[in-house]
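# Report on the structure
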Amino acid sequence: MRLAPTLTLLIFTACGPDASLTVSDEQLFESEASQALGSEASPAVACLPQAPTPFPVYRNAFVPKSDDAAYRYFPATAYLAGERSQVQFATSQATGDKYFFQWVNRCNDGPVGGACDRSNKGNLPVLTVGKTDYRFFFTTLAKANACTIAQLNRILGVSTQGFFDGKGVRPYVSGPIAPFLTGGRFVDVCYLYAEAGLSNHLDGVALDYEPQDRRSAAATKALLTRLAATVHARGKKALLWTNRITSQGAVRNGIDASNAPALLEAFDAVPLFADDSIPAASLRTELRRQQALYAIEARHRAKLYVLTGLGTGAGAISLPALAAVRAHVLAERLGGVAIWNDGADFDTCKSPGFRQVQCLVYGERC
């Protein structure tokens, strides 16, 4: 396996309901960071052009065993997957960069309208025991942040021994869960799931930042710049994945014009966002509006990438919109695209998912 000399931290958030990347300013999207999307089953033949991509292409998908143009999530210059893919990270011989998709924990103090307005929405990853799924809840923002920092350090191979002393959070690694449950769920318990040696097989860590708990812009800046510094201190890169920063979701995250430039400075890459809620004719205008909030300078342009989900049916982003994304990335000389599969069909070479990717990456069949 080829190991890059640096890792990349990616922090991602997006807008829309849980099962879809279709969004409006009133909807929230939660990417299941614990799930490596799709499977390694693929058509028997390569379905897309066998040509280098014109820009970096990040795919949220299982890491393949090796470079294989017949893999359903080809092409990719990098793969992002979660804690259920740790074996694949360790065994893959693929040359694409490999990023661990890490969730940033939200506060769940409630009630609705309270300081943390997410009492009914637990954190990822989901721990499945038998037929029951359990999420993790934190009663203060400080406890949620403490768990995120601990999880990140564990991913990076840093000891978390004694980390939670005096913080009111209990670590859970494995074993019986009954002693850790409160009212049938994990409350102020931090799930430390990273296996020993994981960081040796990674080129990056993707931090999925979408807490939507009404934290302040100052608190957001403090946490995200600390996370980026933590990763950089280990000789790694840091990349942010987040909600469309012109949406109400970004407001609930604590990202706005007051801290967006600092985030762009702190991270190696940050996302613009495109989905089916934005008409193709105005998509590039919207992307420029997002860029403006980052107050980018010429030297930072290559730090921006466009995050988009493919989807199916009425919720799928249109081919003209994907063509507009491609044109924008090339014209603005941005840092590439990230593809969220969002249930896209890749079962055969005639499946719409392949045509969407061909249009977005190669500018063909749009």
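So, here is what we can say about the structure in this document. The residue numbers shown here count from 1 along each chain, following its written sequence. Given that this is a predicted model, residues contribute local features only at a pLDDT of at least 70 and side-chain atom pairs are listed and counted only at 80 or more, while totals for whole chains, interfaces and linings are drawn from all residues. To obtain the side-chain values, all non-hydrogen atoms of the structure were included, while hydrogens and water were left out.

Along the backbone of the chain there are 8 helices and 15 strands. Out of the 366 residues belonging to the chain, those deemed buried represent 57%. When contacts within the chain are restricted to residue pairs at least 6 apart in sequence, long-range pairs at least 24 apart make up 73% of them. Comment: elements are numbered from the N terminus, with helices defined as DSSP H or I runs of at least four residues and strands as E runs of at least two. Accessible area is worked out with a 1.4 Å probe on protein chains only. A residue is then buried under 20% of its type maximum, exposed over 50%, and partly exposed in between. Contact between two residues is taken to exist if any of their heavy atoms lie within 4.5 Å; hydrogens are not considered.

Moving on to the layout of surface pockets. If you add up the space inside the second largest pocket, you get close to 190 Å³. Taken together, 14 residues make up the lining of the second largest pocket; nearest its centre are Asp67, Phe74, Pro75, Ala76 and Tyr79. Here the term charged refers only to Asp, Glu, Lys and Arg, the term nonpolar to Ala, Val, Leu, Ile, Met, Phe, Trp, Tyr, Cys and Pro, and the term polar to all other amino acids, Gly among them. Grouping the constituent residues of the lining of the second largest pocket by class yields 7 nonpolar, 5 polar and 2 charged. Two kinds of site are reported from a 1 Å grid over the protein atoms alone, namely cavities, where a 1.4 Å probe fits but cannot get out, and pockets, open sets with protein on both sides within 12 Å along at least five of seven lines, and residues are called lining when an atom falls within 4 Å of a point. Grid points are joined across faces, edges and corners, and a volume is the space filled by probe spheres set on the points.

This next bit is on the environment of Gly336. One can find Gly336 in the loop between helix H7 (319-332) and strand S15 (337-340). According to the relative accessible area criterion, Gly336 is buried, its value standing at 0%. Sequence-wise, Gly336 and Ala302 are 34 residues apart; in three dimensions their C-alpha atoms are separated by 8.2 Å. Leave out the neighbours within four places in its chain, and Gly336 touches Phe55, Pro56, Leu304, Tyr305, Val306 and Val329.

Moving on, we come to the packing of aromatic side chains. Ring pairs are drawn from Phe, Tyr and Trp, using the six-membered ring of Trp, whenever the two centres fall within 6.5 Å, and their geometry is named by plane angle: stacked under 30 degrees, edge-to-face over 60, tilted for the rest. Considering all chains together, one arrives at 18 aromatic pairs under this definition. Seen in terms of ring centroids, Phe89 and Phe100 are 6.0 Å apart; in terms of plane orientation they differ by 40°. Their pairing is tilted. Residue Phe89 is found in helix H1 (residues 86-91), and its partner Phe100 is found in strand S4 (residues 97-103); the two are separated by 11 residues along the sequence. By relative accessible area, which is 0% here, Phe89 ends up buried. When the ring of Phe163 is compared with that of Phe164, the centres are 5.2 Å apart and the planes differ by 90°; the resulting orientation is edge-to-face. With relative accessibility at 21%, the residue Phe163 sits in the partly exposed group. With relative accessibility at 7%, the residue Phe164 sits in the buried group.

The buried fraction of strand S13 (residues 270-274) amounts to 5 of the 5 residues, a majority that puts the element mostly inside the structure. Taking every second residue as pointing to the same face, both faces of S13 are buried, with Val270, Leu272 and Ala274 on one and Pro271 and Phe273 on the other. Between any two strands, pairing holds if DSSP finds at least two bridges. As defined by bridge partners, S13 adjoins strand S14 (residues 304-309) across 5 bridges and the pair is classed as parallel. Residue Pro271 lies in a different strand from S14, and its bridge partner there is Tyr305. Viewed along the sheet, the connection from S13 through helix H6 (residues 283-294) into S14 turns out right-handed. By convention a crossover is right-handed if, when the strands point away from the viewer, the path from the first strand over the helix to the second runs clockwise.

What follows deals with the packing of H6 against H7. In the contact formed by H6 and H7, the axes pass within 9 Å of each other and the chain directions differ by 45°. On the basis of the axis angle, H6 is oblique to H7. For the crossing formed where H6 meets H7, the hand is right-handed. In this structure, H6 uses Leu283, Arg284, Leu287, Arg288 and Gln291 to contact H7, whose residues at the interface are Ala321, Ala324, Val325, Ala327, His328, Ala331 and Glu332. Residues belonging to the contact of H6 with H7 are distributed by class as follows: 7 nonpolar, 2 polar and 3 charged. Angles run from 0 to 180 degrees between N-to-C directions of axes, and those axes are lines fitted to C-alpha atoms, restricted for helices to the stretch in contact. Oblique is the label for any angle not covered by the other classes, which are roughly parallel (under 35 degrees), roughly antiparallel (over 145) and roughly perpendicular (65 to 115). Handedness of a helix crossing follows the sense of rotation of the near helix relative to the far helix, less than a right angle counterclockwise being left-handed and clockwise being right-handed.

The rule for a salt bridge is simple: a side-chain nitrogen of Lys or Arg has to be within 4 Å of a carboxyl oxygen of Asp or Glu. In the structure shown here, the tally under the stated rule is 10 salt bridges. The partner of Glu83 in a salt bridge is Arg84, with the nearest N and O atoms 3.5 Å apart. Exposure remark for Glu83: the relative accessible area of 11% places this residue in the buried category. Taken together, the salt bridges that share partners define one network made up of Arg244, Glu286 and Arg289.

The next subject is the environment of Ser66. Mapped onto the secondary structure, Ser66 falls in the loop between strand S2 (57-60) and strand S3 (78-81). Classification of Ser66 by relative accessible area gives partly exposed; the value is 36%. Each C-alpha atom, one on Ser66 and one on Ser92, is 6.0 Å from the other, the two residues being 26 residues apart in sequence.

Here we take up the pairing of strand S6 (residues 132-137). On any regular strand, side chains alternate: one points to one face of the sheet, the next to the other face. Note: strand S5 (residues 123-129) against S6, 4 bridges, orientation antiparallel. In the strand pairing of S6, Thr128 is matched with Asp133. Between S5 and S6, which pair antiparallel in sequence order, lie 2 residues; one of them, Gly130, sits at a positive phi of approximately 65°. Examined bridge by bridge, S6 and strand S9 (residues 185-187) share 2 bridges and lie parallel to one another. Note that in S9 the partner of Phe137 across the bridge is Val187.

Attention now moves to helix H3 (residues 217-233). An expected span of 1.5 Å times one less than the residue number is assigned to each helix. Taking 1.5 Å of rise per residue, the 17 residues of H3 would be expected to cover 24 Å, and the 24 Å separating its terminal C-alpha atoms lies within 8% of that figure. Within H3, the full set of buried residues consists of Ala217, Thr220, Leu223, Leu224, Leu227, Ala228, Thr230 and Val231. All buried residues of H3 project into a common sector of 165° when viewed along the axis, lining one side. Turned more than 90 degrees away from the buried face of H3 sit Ala218 and Ala233, all of them exposed. Positive phi appears at Gly235, one or two residues downstream of H3, with a value of about 75°. The reported arc concerns the directions from the helix axis to the C-beta atoms and nothing else.

Looking now at the nonpolar core. Phe267 and Tyr294 are the most contacted members of the largest nonpolar core, which has 88 residues in total. Sorting elements by how many residues they give to this core places helix H2 (residues 141-155) first, with 7 residues. Counting residues in hydrophobic clusters, the runner-up holds 14 residues, among them Leu80, Tyr99, Phe273 and Leu307. Put simply, buried Ala, Val, Leu, Ile, Met, Phe, Trp, Tyr and Cys residues joined by side-chain atoms within 4.5 Å make one nonpolar core.

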